[in-house]
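A closer look at the structure
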Amino acid sequence: MYLWRKLISIDNVETRHNLALLSGLSLVCLICFVSIFTYYVVAGYPFTLFTFSLNLVVFCGMVAAYVLSRLGYENVAVYTFIITLSLGIVVTAVSEDNAVFYINYLVLPILLSSIFLNTFQTIILIVAYLVILMLLPQLFDYIIYDDLPFFFLLLFTILLRVVTNHQRNIEKDKQAALRDSEERYRSLFTSLSDSVIVLEEGRFIDMNNAFLQLMGYTREELIGQTPMDSFVHPDYREAVMVRIEAKAEATLELAGITKGGATIPLEATGMTYIYHGAFLRVVVLRDISERKLAEKRQLELGLERGRVQLMKQFITNASHDFRTPLTVLNSSAHLLRIKADDKEWREKYLSRIEKQVIHLNDMVENLLSVSRLDKAAGKKWDLIQGDLNTLMQNQADEQVLYAEIKNVTLTFEPDKNLHPVYFDEDELMRAIRQLVTNAINYTSGKEDGRVVLRTLQREDVAVIEVQDNGIGMSAESVQHIFEMFYRIDDARNADTGGLGLGLGICKEIVEAHHGNVEVESVPDEGSTFRVILPVKRVTSEA
């Protein structure tokens, strides 16, 4: 296990591959040697002390070559293996009758030398083999060459070396091109102004300097971590995980957290690539703080323009609506001075003055209500449990005279089973008064004009209904009637309208009671307004 860990810890890839190949060849040769030796022993082959010693040396040499290759000693391991293999071939040759046949196996060390040794070292090895081949017939008289293998070994070595050098040059060119490509990629990757991260199985395997500077981390802190563990804001982690697992190109806006704890708005565009069978997720991150700030400023500018436009509309409407009663007051006062002694004349114009004063007072009250509601926004109202039937009866009694003046029949139909409701009596009375007044105004002029007030109990809510058979409204107008300063048309409001605040005030008051307002209307048939209020006290008011 130690030898294995030692080999895989070598940084140089080519050296590590050569040593792995050498250790494998050494182990194969060792196994073959042990197998052959065992066969000879079992077969009863007679060993002399000399041949046994040579076989023992070969065995030890193979073991040494294997151990040295696993420890990372490349040159020593190569020399030990080639010398031991050559010695093993020579020992086998001198131990057999057919020595010349076994001598041809010297091609194997030459083949291996072309892999592990350079040209000069290979030539030295060939010279050594030639010397050994010339000495063997002198030392062993039974070795006779019919055709000396000198030229064969020399030719084979030259051809093998040429082929091997050609393959090595091709491989070197490929490696150089790959290194150039990797260097260009690394240079481009590190110099990008946008932040780029590379994920494998959802974990960091690389990132550029722009990302490290943006988030404040070091490369060592992030390698092996997931984006969720490091910089993705908790609110966006689920969305990020979905897009990583989808393996599809996607763009997402999210919030990132720097190492210092600051939150940065980011736009992430992710793409998935397959590299050596692995799925890599490349994500480009852009800091969109300036864009978000510009969008915020644009929104604020739009809101400010809306407020200015609303103010212009208000000033226009208010100028017109205040000017009309003031003109009536001024002309009536002038006419009173002319015929101050005429009682009938005086009563007529005093009535006009009184009517316009009431109208002015209503408009001022609406403006004050808007201001009061705006100041009370977000504050809790002091809601007290009470009887809506009583409140509605008081409203009917208050408006009945006005309805008679407008030739409108006003009736109230209470629900005897109505539950008590929590409300602010003054404010809710103001909201209902606006609905009833509008109903009377827009029903006035019809021969059979009717306004019906009702209370209804529906499960856990109480309903106030104001129904008329007046002129009604179009579906388009219904969508806008609760907007502040909205008026359906000027002609319609000439005698009955005000600043366009009444229904907007009504809606805000009802919503402050945790209720809502509904409306149904058909042109020339009438309208029905419903105020829906919860019977139980809302938790926020408890």
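Read on for a plain summary of the structure. Everything quoted here is computed from the prediction, not taken from an experiment. (Residues numbered from 1 in each chain as written. Predicted model: local features only at pLDDT ≥ 70, side-chain atom pairs only at ≥ 80, totals over all residues. Heavy atoms only, no water.)

Backbone hydrogen bonds hold the strands of a sheet together, and the pairing may be parallel or antiparallel. Judged by pairing direction, the sheet is mixed, and its five strands sit side by side in the order β7-β9-β10-β12-β11 without closing on themselves. Looking at the sheet topology across the chains shown, the edges are occupied by β7 (409-413) and β11 (516-522). Averaged over all neighbouring strand pairs, the angle between strand axes comes to 15°, with direction disregarded. Summarising the sheet, strand β9 (residues 450-458) and strand β10 (residues 461-468) pair through eight bridges and their orientation is antiparallel. In the sheet register, arginine 458 faces β10, and the bridge partner there is valine 461. Strand contacts of helix α15 (residues 388-405): β7, β9, β10 and β12 (526-534), with the helix running at about 170° to β7, the strand carrying the most contacts. Against the sheet, helix α18 (residues 502-512) contacts β11 and β12, and its axis sits at roughly 25° relative to β12. (Pairing = 2+ DSSP bridges. Helix = DSSP H or I, 4+ residues; strand = E, 2+ residues; numbered from the N terminus. Axes fitted to C-alpha atoms, helices over the stretch in contact; angles between N-to-C directions. Contact = heavy atoms within 4.5 Å.)

This part covers the packing of aromatic side chains. What characterises a pair of aromatic rings is the spacing of the ring centres plus the angle enclosed by the ring planes. Under the counting rule described, the total for this entry stands at four aromatic pairs. Considering the side-chain rings of phenylalanine 204 and phenylalanine 211, the 6.0 Å spacing of their centres and the 35° angle between planes classify their relative orientation as tilted. When its relative accessible area of 1% is taken as the criterion, phenylalanine 211 is described as buried. Taken together, the ring pairs in this structure connect Phe204, Phe211 and Phe231 into an aromatic cluster. (Phe/Tyr/Trp six-rings, centres within 6.5 Å; stacked < 30°, edge-to-face > 60°. Buried < 20%, exposed > 50% of the residue type's maximum accessible area, 1.4 Å probe, protein only.)

Relative to strand β4 (residues 263-275), strand β3 (residues 250-257) runs antiparallel, the two being bridged by eight bridges. Note on β4: the bridge partner recorded for glycine 256 is isoleucine 264. Count of turn residues in the β3/β4 antiparallel hairpin: five residues, of which glycine 261 carries a positive phi of about 95°.

The next thing to look at is the environment of glutamate 465. Inspection of the secondary structure puts glutamate 465 in strand β10. In contact with glutamate 465, not counting residues within four places along its chain, are Val452, Leu453, Arg454, Leu456, Thr528, Phe529 and Arg530. For glutamate 465, the side chain forms a polar contact with the side chain of arginine 454, separated by 2.7 Å. (Polar contact = N/O pair within 3.5 Å; in protein donor to acceptor, adjacent residues only side chain to side chain.)

Here the focus is the pattern of salt bridges. Inspection of the entire model under this criterion finds 17 salt bridges. A salt bridge links glutamate 295 to lysine 292, with the nearest nitrogen and oxygen atoms 3.8 Å apart. Linking glutamate 295 with lysine 292, this pair stays in helix α13 (residues 289-338), spanning three residues, or about one helical turn. For lysine 292, a relative accessible area of 32% translates into the label partly exposed. If you follow the salt bridges from partner to partner, you end up with Asp194, Glu253, Glu267, Arg286, Arg291, Lys292 and Glu295 in one network. (Salt bridge = Lys/Arg side-chain N within 4 Å of Asp/Glu carboxyl O.)

With respect to topology, five strands assemble into an open sheet ordered β2-β1-β5-β4-β3, the strand pairing being antiparallel. Here the strands that pair on one side only, and so sit at the sheet edges, are β2 (203-207) and β3. Strand-to-strand twist of the sheet, defined as the mean angle between neighbouring strand axes without regard to direction, takes the value 35°. Contacting β1 (195-200), β3 and β5 (278-287), helix α12 (residues 237-246) runs over the sheet at an angle of about 140° to β3.

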